[in-house]
Amino acid sequence: MKKLMIILIGCLLSFCGCQKESNTYTQMSMSDALKEMEKSDGYILLDVRRNDEYAAGHIKGAINISNEAILRGEVELLSDKNQKIYVYCRSGNRSLQSAKKLSELGFTNIVEIGGILDYSGELEK
């Protein structure tokens, strides 16, 4: 009986180790992300607020795909799944949801940076 338990536990542990690793995202403060973006290029700055919120003012250079569209999988503007994508919203809730969903969709370089409420620069309209 003891031998059988050891074999079963070993099989369970082996099975767990073979599961596919899921994609993840990282989190960074708005200020740290802005510093990082100043030193690099080739990234996407993604505003996941509603279209009307984006039109009222967004961070310069940001593109807009609403969180709702991402939750539906409508991400045609994002063609390179390995490109670095900084994601923000108003307060950080929707950007977190979007980062998780983008990760589930196979995007591999997602950085969730919170909300535009933490941004002190000028907004583009």
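What counts and what doesn't
- Residues numbered from 1 in each chain as written.
- Predicted model: local features only at pLDDT ≥ 70, side-chain atom pairs only at ≥ 80, totals over all residues.
- Heavy atoms only, no water.
- Helix = DSSP H or I, 4+ residues; strand = E, 2+ residues; numbered from the N terminus.
- Contact = heavy atoms within 4.5 Å.
- Buried < 20%, exposed > 50% of the residue type's maximum accessible area, 1.4 Å probe, protein only.
- Pairing = 2+ DSSP bridges.
- Axes fitted to C-alpha atoms, helices over the stretch in contact; angles between N-to-C directions.

A count of helical and extended segments in the protein chain gives 5 helices and 7 strands. Considering only residue pairs separated by 6 or more positions, the protein chain has 69% of its internal contacts joining residues 24 or more positions apart.

Before going further, it helps to spend a moment on the pairing of strand β5 (residues 85-89). Among the 5 residues in β5, 5 count as buried, and that is most of the element. Residues Ile85, Val87 and Cys89 of β5 are buried on one face, and the alternating residues Tyr86 and Tyr88, pointing to the opposite face, are buried as well. Bridge count for strand β2 (residues 44-47) against β5 is 4 bridges, and the pairing is parallel. Bridging across to β5, aspartate 47 finds its partner in tyrosine 88.

Here we come to the sheet that holds strand β4 (residues 63-64). Strand order in the open sheet made by the 5 strands is β1-β6-β5-β2-β4, with parallel pairing throughout. Looking along the sheet, the strands with just one partner apiece sit at the ends: β1 (25-27) and β4. With 2 bridges joining them, β2 and β4 adopt parallel strand pairing. Within β4, the position partnered with aspartate 47 by the bridge is asparagine 64. On the sheet, helix α5 (residues 93-104) packs against β1, β2, β5 and β6 (110-115) and is oriented at approximately 145 degrees with respect to β5.

This next bit is on the environment of leucine 117. For leucine 117, the location among the structural elements is in the loop between β6 and β7 (123-124). The spacing of leucine 117 and arginine 90 is 27 residues in sequence and 5.9 Å in space, taken between C-alpha atoms. With residues up to four places along the chain from it excluded, the contact list for leucine 117 reads Arg90 and Ser91.

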